[in-house]
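An overview of the molecular structure
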Amino acid sequence: MIIEQIKTHLKDVNDFQSTESQEIQNFRQNYLGKKGILNSLFASFRDIPNEEKKEVGKWINDLKVAVNEKVDSLQNSVAPKTSNTKNDEDLSKTPFPFPVGARHPINIVIDKINTIFSRIGYSVVEGPEIEDDWHNFTALNFTENHPARDMQDTFFVEKDMNSLLRTHTSSVQIRHMKDNQPPMRILSPGRVFRNEAISARSHCIFHQIEGLYIDKNVSFADLKNTLQYFTKALFGKSKIRLRPSYFPFTEPSAEVDVYWGLETETDYKITKGTGWLEIIGCGMVDPNVLENCNIDPDKYSGFAFGMGIERIAMLLYQIPDIRMFYENDIRFLKQFSTEV
Ligand code: PHE
């Protein structure tokens with residue numbers, strides 16, 4: 001009797017177990033293939049008396065459903081096939097010996113400078129990288145058509161040119177002066193942005209550290225002395241010279257050169273044969289800037305200075321190309337793993 005046959009098949013299907021995908025395929029083929037059991041059952045269906053067709057049809061269908069369900073459930077439990085043995089390695093496993101991370105040279109230099117200035121009472125203040133025109137330019141005494149506001153130098157965030165990526169960290173000093181009254185001694189390290197062509201010596205993203213000291217009777221001599229202390233502490237060199245310069249926010253302003261020396265070929269290269277290196281911009285804070293921040297310029301005076309971190313790191317570690325700082329090449333970074 002055909003129904004008895006089907007019941008036996010159903011039992012076989014229910015009992016079938018395998019974790020081999022080839023075996024499961026064979027099983028499927030045996031029932032559902034062209035010359036398989038189900039097709040032969042359908043073929044004999046023609047000879048079934050009409051009054052039994054309904055019931056037999058139902059049994060055949062049940063068998064077909066049972067085979068499909070079995071194949072699906074067995075296939076889901078089979079592990080995905082790996083194509084070659086190499087892929088059996090666990091790529092997420094940490095190799096041994098575990099590599100020790102290194103601090104980034106930019107952070108190492110920022111920390112060194114922070115430590116040097118913290119010894120003479122400076123504390124670190126940070127501010128936003130996206131600034132408005134007032135904090136980055138206007139409050140710092142940039143006249144309306146100053147070339148530094150030009151699209152050439154500044155990345156604007158909004159079309160109205162009021163929102164921009166800060167071009168220096170002097171903006172942080174403005175924020176601090178607005179919210180505090182002297183005496184103040186602060187350092188503001190951070191990332192700055194200028195729309196400059198990228199080369200071995202310049203980048204459109206770099207870091208600065210700027211200092212600000214405001215109190216009663218602060219003089220230019222105090223500024224020079226502070227910078228001398230700093231260059232001695234950082235480079236071991238205290239011979240400096242100040243050349244007149246211009247910044248909108250300081251008056252008078254100066255450019256500071258450190259006497260680096262001419263002992264090696266590299267010294268010749270980096271100082272262009274002069275022995276002198278220009279590393280700091282500085283000056284006495286312009287009274288207009290103090291006024292913009294509600295500090296009385298008749299009562300207080302102060303100085304400010306600023307420098308590029310990359311340039312200093314390049315000098316200290318003899319790094320020939322500024323782009324190396326941003327490539328995150330492990331071979332470059334791991335050289336700093338012993339620096340503290
Ligand atoms: N803000 C100046 C710059 O970006 C550097 C500077 C800071 C100069 C403080 C003088 C005083 O170049």
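Quick caveat: nothing in here was measured; it's all calculated off a predicted structure.

One can describe the packing of helix H5 (residues 105-118) onto helix H11 (residues 309-317) by two numbers: an axis separation of 9 Å at closest approach and a directional angle of 95°. Considering their axes alone, H5 and H11 lie roughly perpendicular with respect to each other. Side by side, H5 and H11 meet where Pro105, Ile106, Ile108, Val109, Ile110, Lys112 and Ile113 of the first sit next to Ile309, Glu310, Ile312, Ala313, Leu316 and Tyr317 of the second. Of the residues contributing to the contact of H5 with H11, the split by class is 11 nonpolar, no polar and two charged.

It is worth spelling out the environment of Leu140 at this point. Residue placement: Leu140 occurs in the loop between helix H6 (133-136) and strand E3 (163-165). A residue is classified by how much of its surface remains accessible, and Leu140, at 4% relative accessible area, is buried. C-alpha of Leu140 to C-alpha of Val289: the two residues are 149 residues apart in sequence and 5.5 Å apart in space. When sequence neighbours within four positions are dropped, the list of residues in contact with Leu140 reads His135, His168, Ser170, Ser171, Ile174, Pro248, Phe249 and Val289.

On to the pairing of strand E6 (residues 240-247). Relative to strand E7 (residues 250-259), E6 runs antiparallel, the two sharing seven bridges. For Phe247, the partnering residue across the bridge sits in E7 and is Thr250. Here E6 hands over to E7 after two residues, the two strands then running antiparallel side by side.

The next subject is the site of the ligand. The environment of the ligand is formed by 13 residues, the closest being His168, Ser170, Arg194, Gln208 and Glu210. Taking His168, its side chain carries an N or O atom lying 3.1 Å from a nitrogen atom of the ligand. Measuring from an oxygen atom of the ligand, one finds a side-chain N or O atom of Gln208 at 2.9 Å. For the ligand, the protein covers 90% of the area, taking 320 Å² as the surface of the free molecule. When residues of the shell around the ligand are traced back to their parent elements, those giving at least two are strand E5 (205-215), strand E8 (276-285) and strand E9 (301-308). A total of three residues in the shell around the ligand trace back to one element, the largest contributor, which is E9.

Right, let's talk about the packing of aromatic side chains for a bit. With the rule as written, the count across this model stands at 17 aromatic pairs. Judged by centre distance (6.0 Å) and plane angle (40°), the ring pair of Phe142 and Phe249 falls under tilted. With a gap of 107 residues between them, Phe142 in the loop between H6 and E3 and Phe249 in the loop between E6 and E7 connect regions that are remote in the sequence. For the pair shown, Phe142 and Phe249 are each scored as buried. Ring plane angle 75° and centroid distance 5.3 Å describe the contact between Tyr213 and Phe303, whose orientation is recorded as edge-to-face. With Tyr213 in strand E5 and Phe303 in strand E9, the pair connects residues that are 90 residues apart, well separated along the chain.

How each quantity is defined
- Residues numbered from 1 in each chain as written.
- Predicted model: local features only at pLDDT ≥ 70, side-chain atom pairs only at ≥ 80, totals over all residues.
- Heavy atoms only, no water.
- Axes fitted to C-alpha atoms, helices over the stretch in contact; angles between N-to-C directions.
- Helix = DSSP H or I, 4+ residues; strand = E, 2+ residues; numbered from the N terminus.
- Parallel < 35°, antiparallel > 145°, perpendicular 65-115°, else oblique.
- Contact = heavy atoms within 4.5 Å.
- Nonpolar A, V, L, I, M, F, W, Y, C, P; charged D, E, K, R; others polar.
- Buried < 20%, exposed > 50% of the residue type's maximum accessible area, 1.4 Å probe, protein only.
- Pairing = 2+ DSSP bridges.
- Near = heavy atom within 4 Å.
- Polar contact = N/O pair within 3.5 Å; in protein donor to acceptor, adjacent residues only side chain to side chain.
- Areas by Shrake-Rupley, 256 points an atom, 1.4 Å probe, with all protein chains shown as cover.
- Phe/Tyr/Trp six-rings, centres within 6.5 Å; stacked < 30°, edge-to-face > 60°.

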